[in-house]
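# Working through the structure, step by step
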Amino acid sequence: MDLYLPIAELPLNLFLILGMGGAVGFLSGLFGVGGGFLLTPLLIFSGISPAVAVATGASQIVASSASGTFTYVRRSAVDFKLGSFLLVSGIAGSTLGIALFTALQRAGQLDLVIALSYFGFLGTIGILTVTEAIRSLWALRAGARPLRRPGGHNWVQGLPLKVRFRRSRLYVSALPVLGLGLGIGFLGSVLGIGGGIIMIPALIYLLRVPTTIVIGTTLMMTFGTMAFATVMHAATSRSVDIVLGLALMVGGVVGAQLGARVGQKLRGEVLRLLLGLLVLAIAARFAVDLVATPDEPFSIAVSRRL
Amino acid sequence: MRLVVLFLLSLAASPAAAESLVTVLSAEEIRITSNFTGAEIAIFGTLRRDAQTVARSGPYRVAATVIGPPMTATTRERERTFGIWINRGGERLRRVPSFYAALSDAAFTEIAGEALRRSLKLGLDVLPIGPWPDAAPAPRSPYEAAFIRLMSERALYVEDAAAVEFLTPEVFRAEFAIPANVPIGTYRLTIHLFSGGVLLASNEHEIRVGKVGFEEIITEAARDNPIAYGLLAVFLATLVGWVAGVVFRRD
């Protein structure tokens, strides 16, 4: 059954859309990430233009992170102060990102930058996540409990402008927090990802935020930043397709609930290993696309109709 | 039924001159709704001769062009640079049709000479798509050739020399397809009658392609009230997320 998408201006099979949303939602519930890094490429491969894919993907992330945020807020597992620092810098980063996005589109290099960025960042995150997970699993096997020291010391502790984040039991410089939010917001609006995939490891390893707080706080920041990015994309490139977005959301939230249920049955280290492997697989796919000889070296880009 | 009535009326009221051409379309408006997957338009026509018409040397030939709204397209080519494929060269094509179809009942080169075909834009090889469409013809650049090839692959540029069929020596029928990813706007359909390479008569029609109903409301909202539209998208997304959390809540 085909559904005509008014902004993307083409029809897509409705079950395909629901399936994509469901698969991405499942992964998001399983790993606690937004899933945008998988959704945007999937939409592009289905024939939707990158602008519409990124903008509509952002709206779908709003839905899935909203669902999770409410749950975590109810359980008081959110650090609002930390979340709002991240949110404000995230919005600033988002604005810069959308400006860059528009400029790249006009120069015809948007696809290349998206591919290189996905490859670079996901490759790095994937390698870091997999090695950490393997190390934890190895330690567990040897009988030692993996140590998580919230508030422990690393190079980040040496930075000035410290702020106390009571809920996370942290006393850390505001600079890395704001920098992280800025970077994630920027990346998110250019690539159409919520940034949880980068934020969660960064919060855990760099800032030593306790694991119980990390997911809820990340979701809160993701929700706010992506809501802002959706409105900005709608205002600048008019490329948010509400019909596509709603269909993706319905599949997504159902998938997310299933994923969360399955996720509770698996050990944290195993989940992180699986996530790292998935991220590496996507990075590899982009690498292949960049390097392999294309079937069709020519492409057409249409400026808005006269 | 309506077609038959129109034919009869046209037979009754026509000026005494050389051949005349009467044509009608199966639809002059394409409405895009939520289950749109493309459309087909049929053209019916009749040619009439009267006592004063000169005897023609060759058989009658009918050819038609369908030209969609203009757009600006940039064709780019990827080249291998430092091991990866990057868009390097490109050519901007201004005011090219976003949809083009050339239909006839015989090979285009048989129907008319190149100069005449160029002035009528009859045929992909004479379609003016260079950077300055009104300039003198020049050999196609690789970008222009690639543009035509890519548009043909998407079924947006079509050339069919068997699309027109004569049902009787005076009555013909033609058909062309509009794909699902077609641009919105006004399409110009021109039907020509030839004989022995000479243009005898032409008719013009307009086809409007537009979204209606829900799709139209959405597109106009996105275009005219973008911030409100964006906020609505965010509101709906938050609502869906919240409802899902409530529905699936276990505690």
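Our subject in this report is the structure included herewith. Source: prediction; values computed, not measured. (Residues numbered from 1 in each chain as written. Chains lettered and ligands numbered in written order. Predicted model: local features only at pLDDT ≥ 70, side-chain atom pairs only at ≥ 80, totals over all residues. Heavy atoms only, no water.)

### Quick notes on the overall build of chain B
Helix and strand counts for chain B come out as 6 helices and 12 strands. Going through the 251 residues of chain B one by one, you find that 45% of them count as buried. Summarising the internal contacts of chain B: among those between residues at least 6 apart in sequence, 69% fall at separations of at least 24. (Helix = DSSP H or I, 4+ residues; strand = E, 2+ residues; numbered from the N terminus. Buried < 20%, exposed > 50% of the residue type's maximum accessible area, 1.4 Å probe, protein only. Contact = heavy atoms within 4.5 Å.)

### Regarding the packing of aromatic side chains
A complete count under the given rule lists 6 aromatic pairs over all chains for this structure. Aromatic pair A:Tyr4 and B:Phe36: ring centres 5.9 Å apart, planes at 85 degrees, arrangement edge-to-face. Residue A:Tyr4 is found in strand β1 (residues 2–5), and its partner B:Phe36 is found in the loop between β2 (29–32) and β3 (39–48); the two belong to separate chains. Accessibility assignment for this pair places A:Tyr4 and B:Phe36 in one class, buried. Ring centres 6.0 Å apart and planes at 80 degrees place the aromatic pair A:Phe298 and B:Tyr143 in the edge-to-face group. Here A:Phe298 is found in strand β5 (residues 298–302), whereas its partner B:Tyr143 is found in helix α4 (residues 142–153) on a different chain. Residue classification places A:Phe298 among the buried residues on the basis of a relative accessible area of 13%. (Phe/Tyr/Trp six-rings, centres within 6.5 Å; stacked < 30°, edge-to-face > 60°.)

### Some details on the environment of B:Ile184
Tracing the backbone through its elements, the reader meets B:Ile184 in the loop between β10 (171–178) and β11 (185–195). Sequence separation between B:Ile184 and B:Val209 is 25 residues; the distance between their C-alpha atoms is 5.2 Å. Ignoring sequence-local partners within four residues, the contact set of B:Ile184 consists of A:Glu9, B:Ile32, B:Pro69, B:Val209, B:Gly210 and B:Lys211.

### A look at the nonpolar core
Of all hydrophobic cores here, the largest spans 70 residues; its most connected members are A:Leu5, A:Phe37, A:Ile48 and A:Ile197. Sequence-distant contacts of A:Phe37, that is, excluding residues within four places in its chain, are made with A:Tyr118, A:Leu122, A:Ile193, A:Ile197, A:Leu278, A:Val279 and A:Ile282. Counting 58 residues, the second largest nonpolar core, distinct from the first, contains B:Phe108, B:Ala146, B:Leu150 and B:Ile178. (Core = buried A, V, L, I, M, F, W, Y, C linked by side-chain atoms within 4.5 Å.)

### Observations concerning the pairing of β2(B)
Residue and element names in this part refer to chain B. Side chains of β2 alternate between two faces, with Ile-30 and Ile-32 buried and Glu-29 and Arg-31 left unburied. In the sheet, β2 pairs with strand β12 (residues 198–211) via 4 bridges, with the strands oriented parallel. The residue bridging Ile-32 from the neighbouring strand is Lys-211, located in β12. (Pairing = 2+ DSSP bridges.)

### Here we look at the sheet that holds strand β5 (residues 70–81) of chain B
An order of β5(A)-β5(B)-β6(B) is seen for the 3 strands of this open sheet, with the pairing classed as antiparallel. With partners counted over all chains shown, the strands left at the sheet margins are β5 of chain A together with β6 (84–97) of chain B, one partner each. Across this sheet, the average inter-strand angle for adjacent strands is 25 degrees, counted without regard to direction. The pairing of β5(A) with β5(B) spans 5 bridges and is antiparallel. In the sheet register, A:Ile300 faces β5(B), and the bridge partner there is B:Thr75. (Axes fitted to C-alpha atoms, helices over the stretch in contact; angles between N-to-C directions.)

### Considering the sheet that holds β3(B)
Across a sheet, strands are paired by hydrogen bonds formed along the backbone, either parallel or antiparallel in direction. All names here are of chain B. The strand order across the open sheet built from 4 strands is β1-β3-β10-β9, with neighbouring strands paired in antiparallel fashion. A single partner strand is all that each edge strand has here, and the edge strands are β1 (20–25) and β9 (164–166). Pairs of neighbouring strands in the sheet enclose a mean axial angle of 20 degrees, with direction left out of account. Two elements, β1 and β3, share 6 bridges in a ladder whose sense is antiparallel. Counted as the bridge partner of Ser-20 is Arg-48 from β3.

### Examining the side chain of A:Ser94
Within the fold, A:Ser94 resides in helix α4 (residues 80–107). With near-sequence residues (within four places) excluded, A:Ser94 lies in contact with A:Gly185, A:Phe186, A:Ser189, A:Thr225, A:Phe228 and A:Ala229.

### What to know about the pairing of β11(B)
Residue and element names in this part refer to chain B. Of all 11 residues that make up β11, 8 are buried, and the element is covered over most of its length. Pairing geometry for β11 and β12, over 11 bridges, is antiparallel. Bridging across to β12, His-192 finds its partner in Ser-202. Once β11 ends, the chain turns through 2 residues before running back antiparallel as β12, passing Gly-196 with a positive phi of about 55 degrees.

### Examining the pattern of salt bridges
Under the definition given, this model contains 10 salt bridges over all chains. We note a salt bridge from B:Asp105 to B:Arg61, for which the minimum N-O separation is 3.7 Å. One end of the pair, B:Asp105, is in the loop between β7 (100–104) and α2 (108–111); the other, B:Arg61, is in strand β4 (residues 60–67), and 44 residues separate them in sequence. On the accessibility criterion, B:Arg61 (22% relative accessible area) is partly exposed. Among the ionic contacts, a cluster of salt bridges with common partners joins A:Glu296, B:Arg149 and B:Glu153. (Salt bridge = Lys/Arg side-chain N within 4 Å of Asp/Glu carboxyl O.)

### Some details on the interface of chain A and chain B
Interfaces are often sized by the amount of accessible area the parts lose when they come together. With 54 residues of chain A at the contact, the number on the chain B side is 61 residues. Summed over both sides, the interface between chain A and chain B buries roughly 5000 Å², with carbon and sulfur atoms accounting for 65% of that surface. Counting every contact that joins chain A to chain B gives 1 salt bridge. A:Glu296 is paired through a salt bridge with B:Arg149; the nearest N and O atoms lie 2.7 Å apart. Linking chain A with chain B are 9 residue pairs in polar contact (both at pLDDT 80 or more). (Buried area = accessible area lost by both parts, 1.4 Å probe. Polar contact = N/O pair within 3.5 Å; in protein donor to acceptor, adjacent residues only side chain to side chain.)

### Points about the packing of helix α3 (residues 50–74) of chain A against helix α6 (residues 226–247) of chain B
Packing of α3(A) against α6(B) brings their axes to within 7 Å, and their N-to-C directions diverge by 40 degrees. The orientation of α3(A) relative to α6(B) falls into the category oblique. As α3(A) packs across α6(B), the resulting crossing turns out to be right-handed. Along the contact surface, α3(A) presents A:Ser59, A:Val62, A:Ala63, A:Ala66, A:Ser67 and A:Phe70, while α6(B) presents B:Val234, B:Ala237, B:Thr238, B:Gly241, B:Trp242 and B:Gly245. (Parallel < 35°, antiparallel > 145°, perpendicular 65-115°, else oblique. Left-handed = near helix turned anticlockwise from the far one by under 90°.)

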